[in-house]
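Examination of the molecular architecture
Chain residues, written in single-letter form:
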Amino acid sequence: MSSELEFTRLRHLRETADIRRNNAETSLSVSELAYPIFVTLGSGIQRPIDAMPGQFQMSVDVAVKQVEAAHKTGIDKVLLFGLPQHKDSVGSSAKDAGEAVQAATRQLKRELPDVTVITDVCLCEYTDHGHCGIVTPDGEVDNDATLPLLAAAAVSHAEAGADIVAPSAMMDGQVAAIRADLNESGFEKTRLMGYSAKYASSFYGPFREAAGSAPQFGDRRSYQMSSTQSDEAMLEIEADIAEGADYIMVKPALAYLDIIRRASERFPEPPLAAYNVSGEYSAIKAAAANGWLDERGAAMEALIAIKRAGADLIITYFAPDAAHWLDQ
Ligand code: PBG
């Protein structure tokens, strides 16, 4: 017997499409995707977001139609961001029952009760300075003074019918503060998704145009994590779990696949979300628009990578397209 015949033949399992499918170690399903959208008050509004081709700022009526269309392709989770009517130094409109997120939540739960509504809980869209918390006279973001405001916003989302509230401000203790106020207000059942390990990232650039939430001075490095950190991400996640988070998150996704992997191994429960953020979306969109890469191929490869790293849920602007691609 010649020695070549003893070679391992890994190519055998790549030979045909059906073998490749059957042998696939990682799979992606539409039930693992959540679709982030930007809502505003008014009617008939559908303003394209330049930096995020294919994404829009939408009034509630348009948003509900958009989610209804996505739901027909199997999307059953949305994440809401709001563009408020007015901003001030303490983000008071964040807790306003008449604001866009609350109005969209009420209408979505009325018209599409099977769609899980997740709301982003933060102040940056609602403050005139664009920071995620209250700013002291000497320009610092005041952690503890911010907590009751985040909790009040979360309670207003729960009152509107939100299934899951998702605090993204990166204030210490935000999960515990929100959980306590939800329970006190009779919303023991409202679930909580912590943006547990959220990094200060240049990949949020397009989002800040979409949500009008760029900080007017300084940056978010005193509250969001540095990209140098990995152990610290584990501490952030551990803290969120201890404070009562039902879901944990790593954000962004693609530059932090190692963090997703580490978190999924260290914390098999609760479910781990990964946020495929605006810059990750727009980079693929821009390259595809130039003919430099294939959009569908690149997007699906990125989503599979996030899943393979260990995410249970992927928040992605590609959600409706991915649902369509997965169906083909
Ligand atoms: C706000 C928030 C941000 C994102 C989600 N929630 C922006 C930020 O922290 O600056 C980014 C989402 C994206 O880039 O797609 N707290």
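Presented here is a report on the structure given in the accompanying data block. Note that the coordinates shown come from a computational prediction; the quantities given were computed from them, not determined experimentally. (Residues numbered from 1 in each chain as written. Predicted model: local features only at pLDDT ≥ 70, side-chain atom pairs only at ≥ 80, totals over all residues. Heavy atoms only, no water.)

1. Regarding the overall build of the protein chain
On a plain count of helices and strands, the protein chain comes out with eleven helices and 13 strands. For the protein chain, whose C-alpha radius of gyration is 21 Å, the value lies close to the compact-globule estimate of 20 Å for 328 residues. Seen through its C-alpha atoms, the protein chain measures out along the principal axes to roughly 80 × 45 × 40 Å. Of all 328 residues assigned to the protein chain, the portion counted as buried reaches 52%. Sequence-distant contacts, at least 24 apart, represent 74% of the contacts inside the protein chain between residues at least 6 apart. Counting every atom, the protein chain has about 14,600 Å² of accessible surface; 50% of that belongs to carbon and sulfur. Taken as two groups, the 29 positive and 47 negative side-chain charges of the protein chain have centres that lie 6 Å from each other. (Helix = DSSP H or I, 4+ residues; strand = E, 2+ residues; numbered from the N terminus. Rg over C-alpha atoms; globule rule 2.2 N^0.38 Å. Buried < 20%, exposed > 50% of the residue type's maximum accessible area, 1.4 Å probe, protein only. Contact = heavy atoms within 4.5 Å. Areas by Shrake-Rupley, 256 points an atom, 1.4 Å probe, with all protein chains shown as cover. Lys, Arg positive; Asp, Glu negative; His and termini not counted. Charge placed at Lys NZ, Arg CZ, Asp CG, Glu CD.)

2. Remarks on the pairing of strand β13 (residues 313-316)
Taking every second residue as pointing to the same face, both faces of β13 are buried, with L313 and I315 on one and I314 and T316 on the other. Pairing of strand β12 (residues 272-276) with β13, which is carried by four bridges, proceeds in the parallel orientation. Note that in β13 the partner of N276 across the bridge is T316. (Pairing = 2+ DSSP bridges.)

3. Examining the site of the ligand
Close to the ligand lie 17 residues, the nearest being K198, R208, K251, S278 and Y317. In this structure, a nitrogen atom belonging to the ligand sits 3.0 Å away from a side-chain N or O atom of S168. K251 places a side-chain nitrogen or oxygen 3.3 Å from a nitrogen atom of the ligand. The pocket occupied by the ligand, as judged from atoms lying within 2 Å of grid points, is the largest cavity. Here the shell around the ligand is composed, by residue class, of nine nonpolar, three polar and five charged. (Near = heavy atom within 4 Å. Polar contact = N/O pair within 3.5 Å; in protein donor to acceptor, adjacent residues only side chain to side chain. 1 Å grid on protein atoms, 1.4 Å probe; cavity = no way out; pocket = protein on both sides within 12 Å on 5 of 7 lines; lining within 4 Å. Sits in = over half its atoms within 2 Å of the grid points. Nonpolar A, V, L, I, M, F, W, Y, C, P; charged D, E, K, R; others polar.)

4. Side note on the packing of helix α10 (residues 295-309) against helix α11 (residues 319-327)
Running from amino to carboxyl end, α10 crosses α11 at an angle of 95 degrees, the nearest separation of the two axes being 11 Å. When the axis of α10 is compared with that of α11, the two are roughly perpendicular. Counted together, E295, R296, A299, M300 and L303 of α10 and D321, A322, W325 and L326 of α11 form the full contact between these two elements. When its residues are assigned to classes, the contact of α10 with α11 shows six nonpolar, no polar and three charged. (Axes fitted to C-alpha atoms, helices over the stretch in contact; angles between N-to-C directions. Parallel < 35°, antiparallel > 145°, perpendicular 65-115°, else oblique.)

5. Overview of helix α7 (residues 231-242)
With twelve residues, α7 extends 17 Å from end C-alpha to end C-alpha; this agrees with the ideal 16 Å at 1.5 Å per step. For α7, the complete set of buried residues consists of A233, M234, E236, I237 and D240. Projection of α7 onto a plane perpendicular to its axis shows the buried side chains occupying an angular sector of 160 degrees, all on one side. Exposed side chains of α7 directed beyond 90 degrees from the buried face belong to D231, L235 and A242. The secondary structure elements touched by the buried residues of α7 are α5 (174-184), β10 (197-198), β11 (248-251) and α8 (257-266). Just past α7, the residue G244 takes up positive phi, approximately 110 degrees. (Expected span 1.5 Å × (residues − 1). Arc of directions from axis to C-beta.)

6. Description of the nonpolar core
Counting residues in hydrophobic clusters, the biggest one holds 107 residues, and the most contacted among them are F38, I178, M193, V250, I260 and Y275. Excluding anything up to four places from it in sequence, Y275 contacts P36, L79, F81, Y195, M249, V250, K251, P252, A253, E280, I315 and Y317. (Core = buried A, V, L, I, M, F, W, Y, C linked by side-chain atoms within 4.5 Å.)

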